[in-house]
Structure formats: structure tokens, C-alpha cells
Amino acid sequence: MKQTLLIIIAFAVFLQSCAPSLTIPSDLSKSLLLVEKLPTDSVQINAKGKKEVVDRKVGGWESMLNRRQNAKVQKIFASYPFAYRIVSTEEVGDNIDPNKTTYVLKNGTTVFKTKLMTGNAAHGGAPREVRVPKTKVILENLTKGRKSVLGELQGGVSGIAGKFVKAANKIKKSQPKVKAKKK
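Parameters and conventions
Residues numbered from 1 in each chain as written. Predicted model: local features only at pLDDT ≥ 70, side-chain atom pairs only at ≥ 80, totals over all residues. Heavy atoms only, no water. Phe/Tyr/Trp six-rings, centres within 6.5 Å; stacked < 30°, edge-to-face > 60°. Helix = DSSP H or I, 4+ residues; strand = E, 2+ residues; numbered from the N terminus. Buried < 20%, exposed > 50% of the residue type's maximum accessible area, 1.4 Å probe, protein only. Salt bridge = Lys/Arg side-chain N within 4 Å of Asp/Glu carboxyl O.

Quick notes on the packing of aromatic side chains
So, step 1. Here the structure, examined in full by the defined rule, presents six aromatic pairs.
So, step 2. Ring centres 6.1 Å apart and planes at 25° place the aromatic pair tyrosine 80 and phenylalanine 164 in the stacked group. Placement of the pair is tyrosine 80 in the loop between α2 (61–77) and β4 (84–87) and phenylalanine 164 in helix α3 (residues 157–174), with a sequence separation of 84 residues.
So, step 3. Tyrosine 80 sits in the buried class, given a relative accessible area of 6%.
So, step 4. With a relative accessible area of 0%, phenylalanine 164 lands in the buried category.
So, step 5. Ring pairs connect the aromatic residues Phe77, Tyr80, Phe82, Tyr84 and Phe164, which therefore count as one cluster.

Here we look at the pattern of salt bridges
So, step 1. The final tally for this structure, using the stated rule, is two salt bridges.
So, step 2. The shortest N-O distance in the salt bridge between lysine 106 and glutamate 140 comes to 2.8 Å. Within this pair, whereas lysine 106 is found in strand β5 (residues 101–117), its partner glutamate 140 is found in strand β6 (residues 128–141), the two being separated by 34 residues in sequence.
So, step 3. For lysine 113, the salt bridge goes to glutamate 152, with nearest N and O atoms at 3.0 Å. Placement of the pair is lysine 113 in strand β5 and glutamate 152 in strand β7 (residues 146–153), with a sequence separation of 39 residues.

Written out as C-alpha cells, the structure is:
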């Protein structure tokens, strides 16, 4: 039993190491990137001065989690080397810059995949199946009307944000430095 479990774990690690690395277009440096906000509840202050949920996007704890994910994405993109804005899907049209190529980094479809988890003492030590959500992350070029799937991971845009910023920093470093012209 332990040997098969070790083989399964080794195979899973092997598959992860074979996953293609994240590649982002090198022309992002001359572009505007719009990062989609995760849906959160719309809150307004009522007549009594208390916060009241007007429009609940996702129920209960889920929306609180989304607020945290939004804050996490904003924190990661603070070190992004190129022009970007974090917007909701309704705000995308207002932020398209006609002088630049405009990309949108957004969540695509979510698929629940079954994953075999190692058991613990609380579950009798037996391995159990768990449904894990995997969200496709799409980079859409609004200027050319092209979409490409960057990856499929558990956190969606917030899960890929760190890798995306790291790849953009790599592009920035590899570009030749432009010297200022003397007058």
C-alpha cells in the first residue's frame, strides 16, 4: 500500500515538473494590461450609517475570500514593471488605450477535478478523493481579438499573478536600456 502511494506521489511530482513554463508576450512592455477583479459583494452605507450588502455576487464566506484574493492580486501587481490596471469586467471597455496594445488577464471556466489525497488519522488513514477547482487563466488581446489560455490552476488569476509578474520582470530585464537623448 505504501509503495503504490509513493509511486502515485512520485508520478504527480513528475507531471508537475513537465508542465510547460508560463510564457507571456514580449510586447507587453508596449501595452496596457487590465487585470480582472474577482467578483465581490457590492456594499453601501445605509441611513443608519451601517454597511449593507446591496448586491451579493457570491454567497457568504466565498465573497469574503474573494476580497482577500483581490487584495493579494493588488499586492503582487504592485511590483509589475509595465502599465496595468485592476478592473472589473464592466470597466474593461472604459480602460482600453487606443495608442497601446491592450490585454486582459482574466479567469476563464472552472472545472472540478478529482484528486487523490493521502489519508490522515481522522479519516482512518485511507486515501480519499477530493474535488479540487481548477480555473483557466486567459490572456486576451483586445486590440487583435485573440485569446490564449496561460494556464489552469487552483487560484485562477490570483494563483498565476506571481508567475506572471516574475515573467514580466524577466522581459523588462532582457530589454536593451534606452538612453536619454542629450539636447
